[in-house]
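Each chain, written out:
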Amino acid sequence: MKSKIDEVVTVSNLRAAAGSRSFSRGEEYFEDGAMHHLYCDGEQLTADVHGTHVYHACITNEDGYLYGECSCAFGQDGNFCKHLVALGLEYL
């Protein structure tokens, strides 16, 4: 049985939420192994993403939609950033 997080964390949803530039940058972070302390409880997916700094990223299912929060400046502005993409790809 799929968990709530499995319903929304897909490559197509990550790409749609982030846009092509952030998705490509997130792929690089994923491939470089930037993810640490990955945790998923079926409702929420979290990790620390190591880049220029260490950022805390969180993905949830909000009423059937992919929702992400990140402590980076781009994420704090309400954007789905490369760190969130890397988190989603690491989970998949």
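Above this text sits the structure in question.
Definitions and limits used
Residues numbered from 1 in each chain as written. Predicted model: local features only at pLDDT ≥ 70, side-chain atom pairs only at ≥ 80, totals over all residues. Heavy atoms only, no water. Helix = DSSP H or I, 4+ residues; strand = E, 2+ residues; numbered from the N terminus. Contact = heavy atoms within 4.5 Å. Phe/Tyr/Trp six-rings, centres within 6.5 Å; stacked < 30°, edge-to-face > 60°. Lys NZ or Arg CZ within 6 Å of the ring centre and 35° of its normal. Pairing = 2+ DSSP bridges. Buried < 20%, exposed > 50% of the residue type's maximum accessible area, 1.4 Å probe, protein only. Polar contact = N/O pair within 3.5 Å; in protein donor to acceptor, adjacent residues only side chain to side chain. Expected span 1.5 Å × (residues − 1). Bend = angle between axes of the 7 residues up to and from the residue.

The next subject is the environment of E27. Of note, E27 is situated in helix 2 (residues 11-31). Not counting residues within four places of it along the chain, the set of residues in contact with E27 comprises V85 and L89.

Within this structure, the stated rule accounts for zero aromatic pairs. We note R15 situated over the ring of F23; from NZ or CZ to the ring centre the distance is 4.0 Å.

On to the side chain of S3, then. Along the chain, S3 turns up in the segment before helix 1 (4-8). Excluding anything up to four places from it in sequence, S3 contacts G42 and Y91.

Turning to the pairing of strand 1 (residues 35-40), a few remarks are in order. Where strand 1 meets strand 2 (residues 44-50), four bridges bridge the pair, whose relative direction is antiparallel. Among the inter-strand pairings, Y39 is bridged to a residue of strand 2, identified as T46.

With eight of 10 residues buried, helix 4 (residues 82-91) lies mostly within the body of the structure. Lining the buried residues of helix 4 we find helix 2, strand 1, strand 2, strand 3 (54-62) and strand 4 (65-70).

What follows concerns the side chain of N61. Relative to the helices and strands, N61 is located in strand 3. At 3.3 Å, the side chain of N61 forms a polar contact with the side chain of E7. For N61, the side chain forms a polar contact with the main-chain nitrogen of G64, separated by 2.7 Å. Excluding its chain neighbours within four sequence positions, the residues that come into contact with N61 are K4, I5, E7, V8 and E43.

Moving on, we get to helix 2. For helix 2, spanning 21 residues, the distance from its first C-alpha to its last is only 15 Å, which falls clearly below the expected 30 Å at 1.5 Å a residue. At G19, helix 2 shows its maximal bend, which comes to roughly 120°. Looking at helix 2, one finds that the buried residues are L14, A18, S22, F23, G26 and Y29. Those residues of helix 2 that are buried lie in contact with strand 2, strand 3, strand 4, helix 3 (73-76) and helix 4.

With that out of the way, let us pick up unusual backbone geometry. In this structure, H37 is a non-glycine residue whose phi angle is positive, near 60°. Its place among the elements puts H37 in strand 1. The class for H37 is exposed, based on a relative accessible area of 63%. A positive phi angle, close to 55°, is found at D63, a residue other than glycine. Its place among the elements puts D63 in the loop between strand 3 and strand 4. By relative accessible area, D63 is classed as exposed at 75%.

Any functional reading would require information beyond the geometric quantities listed.
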